[in-house]
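# Observations on the model geometry
These are the residues of each chain, in order.
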Amino acid sequence: MVWGGVAGLLGGMLGVGGGIVVVPALIWIFRRAGVQPDVLTHLAIGTSLAAIIFTSLSAIRAQQKRGAIDWAVVRLLVPATLIGGLVSGYLAGFIPAATLKMIFSVFLIVVSLQLLAKWQPASHWTLPGPKGLWGVGLGIGSLSAMMGIGGGTISVPFLHACNVDMKRAIAISTTLGFPIALFGAAGFVLSGWHHAGLPAWSLGYVDLPALLAVGATSMAVAPLGVRLAHHLPVARLKRAFGILLLLVALQMLFGG
C-alpha cells in the first residue's frame, strides 16, 4: 500500500508515526468500501495506531544505530504516555466520529501554523523536571491515541519549545511512538470489540487486512526516513513538517 510507504518515510524522517496521512487515507478507503459512517473514523484511527507499532519499531532501530535517542528523557515520558494512550484509546471509541475528525483537523492546523511561522522559544526554556514530564507524557499519550498518531505532532513541537535540538526531538518522538501506538491500539480494540457494524476481519476498531498492508510497507521504508532526517537541514525539516500537517488538516476539514 503506497500510503504505508509514505507513513514509513514520514515516521522515520519527522518522528510522527505516519498517522497524519494514514488516518485520512483509511477514511477515504473505508468509505468507498462501504464501511458504516458511525465506525468509519474509529476504524481508521485504530488501524493507524496498530500500524504505527511496526513503523516505530523499525524507526527506533535505525535511530538507535545512530545513537540519536536520549533514553533519559524517554524513560521519564514513557510510563505516563502508556497510561494516557490506553485510557484515551478506549474512551475515544465512544466519541462521535464527526467530533473526533474535527478535533484531529483543528489540532493539526494549530501545530502547522506554529511551525510555519518560524516561532522560536525563549532561550531560557528547558525541559521540566520529572513531575512535569509525567504530566506532559499523559497529555501526549492521551491526545495521540485519541487521534491515531504516534505522538510526533505533539512531542516534537513540545521538545522544540524546550530548546531540544530538532533531530534529537525527532528521535525521542519516534521512540515514544511505540508505547503510544501499542496501548492506544489496545484501547481501540477493547472499545470496538462488540460493535456489530464492523467489517469482517476486524479486531475491535482495527482492520486486519489494512493493518497488514500499511504495517509491512511502512516498516520497510521507515529507515530511509531516518537517514533523510539526519541529512536534511533543521529548517527544511520544520517547513516540510508544517506544510504536511496543514495540507492534511485542510483536506480533512473540507475534503469530505
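From a predicted model like this one, the values you see are computed outputs, not experimental measurements. (Residues numbered from 1 in each chain as written. Predicted model: local features only at pLDDT ≥ 70, side-chain atom pairs only at ≥ 80, totals over all residues. Heavy atoms only, no water.)

### Details of the environment of glycine 129
Selection criterion: For helices the rule is a DSSP run of H or I covering at least 4 residues; for strands it is a run of E covering at least 2, with both sets numbered from the N terminus onward. Accessible area is worked out with a 1.4 Å probe on protein chains only. A residue is then buried under 20% of its type maximum, exposed over 50%, and partly exposed in between.
Position of glycine 129 among the secondary structure elements: in the loop between helix H5 (97-116) and helix H6 (130-147). Judged by relative accessible area, which is 37%, glycine 129 ranks as partly exposed. Taking the C-alpha atoms as reference points, glycine 129 and leucine 76, 53 residues apart in sequence, are found 9.2 Å from one another.

### Overview of the pattern of salt bridges
Short version of the rule: The working definition used for a salt bridge is a side-chain nitrogen of Lys or Arg within 4 Å of a carboxyl oxygen of Asp or Glu.
What the rule picks out here adds up to one salt bridge. Aspartate 70 is the partner of arginine 168 in a salt bridge, and the nearest nitrogen-oxygen pair spans 2.3 Å. With arginine 168 in helix H8 (residues 166-191) and aspartate 70 in the loop between helix H3 (37-65) and helix H4 (71-91), this residue pair connects regions lying 98 residues apart in the sequence.

### Concerning unusual backbone geometry
Positive phi is not limited to glycine here, since asparagine 163 has a value of about 65°. Tracing the chain through its elements places asparagine 163 in the loop between helix H7 (152-161) and H8. Of the residues examined, asparagine 163 reaches a relative accessible area of 38% and is grouped as partly exposed. Positive phi, normally seen in glycine, also occurs at tryptophan 201, with a value near 65°. Tracing the sequence through the fold places tryptophan 201 in the loop between H8 and strand E1 (202-203). Residue classification places tryptophan 201 among the exposed residues on the basis of a relative accessible area of 67%.

### Let's talk about the side chain of serine 155
This is how it is decided: The contact criterion used is simple: two residues touch if any of their non-hydrogen atoms lie within 4.5 Å.
With respect to the secondary-structure elements, serine 155 resides in helix H7. When near neighbours in sequence (up to four residues on either side) are disregarded, serine 155 contacts Ile140, Ser173 and Leu176.

### Describing the packing of H7 against H8
Operational definition: The convention used is that axes are lines fitted to C-alpha atoms, helices contributing only their stretch in contact, and that angles between N-to-C directions extend from 0 to 180 degrees. Crossing chirality is assigned from the near helix's rotation relative to the far helix, an anticlockwise turn below a right angle marking it left-handed and a clockwise turn marking it right-handed.
Two elements in contact, H7 and H8, have axes separated by 9 Å at closest approach and are oriented at 145°. Two packed elements cross with a definite hand, and for H7 against H8 that hand is right-handed. Packed against H7, whose contacting residues are Gly152, Ser155, Val156 and Leu159, the element H8 presents Met166, Ala169, Ile170, Ile172, Ser173 and Leu176 at the interface.

### What about the UniProt feature "transmembrane region" (unreviewed entry) in the chain?
This is how it is decided: UniProt positions are given in the numbering used here, feature names are shortened, and annotations may be inferred rather than shown by experiment.
The UniProt record annotates "transmembrane region" (unreviewed entry) at residues 6-30, 39-60, 72-95, 132-158, 170-190, 210-230 and 237-254. In the segment residues 39-60, helix accounts for 100% and strand for 0%; the C-alpha atoms at its two ends are 31 Å apart. Along residues 170-190 the backbone is 100% helical and 0% strand, and the end-to-end C-alpha distance reaches 30 Å.

### Notes on the confidence of the model for the chain
Convention followed: Here pLDDT means the predictor's own confidence in every residue, given as a number from 0 to 100.
Chain-level pLDDT for the chain is 78 on average; 83% of the residues reach the 70-or-more range. Helix H1 (residues 2-14) is the least confidently modelled element of the chain, averaging 58 in pLDDT, while strand E2 (residues 206-207) averages 92, the highest of any element.

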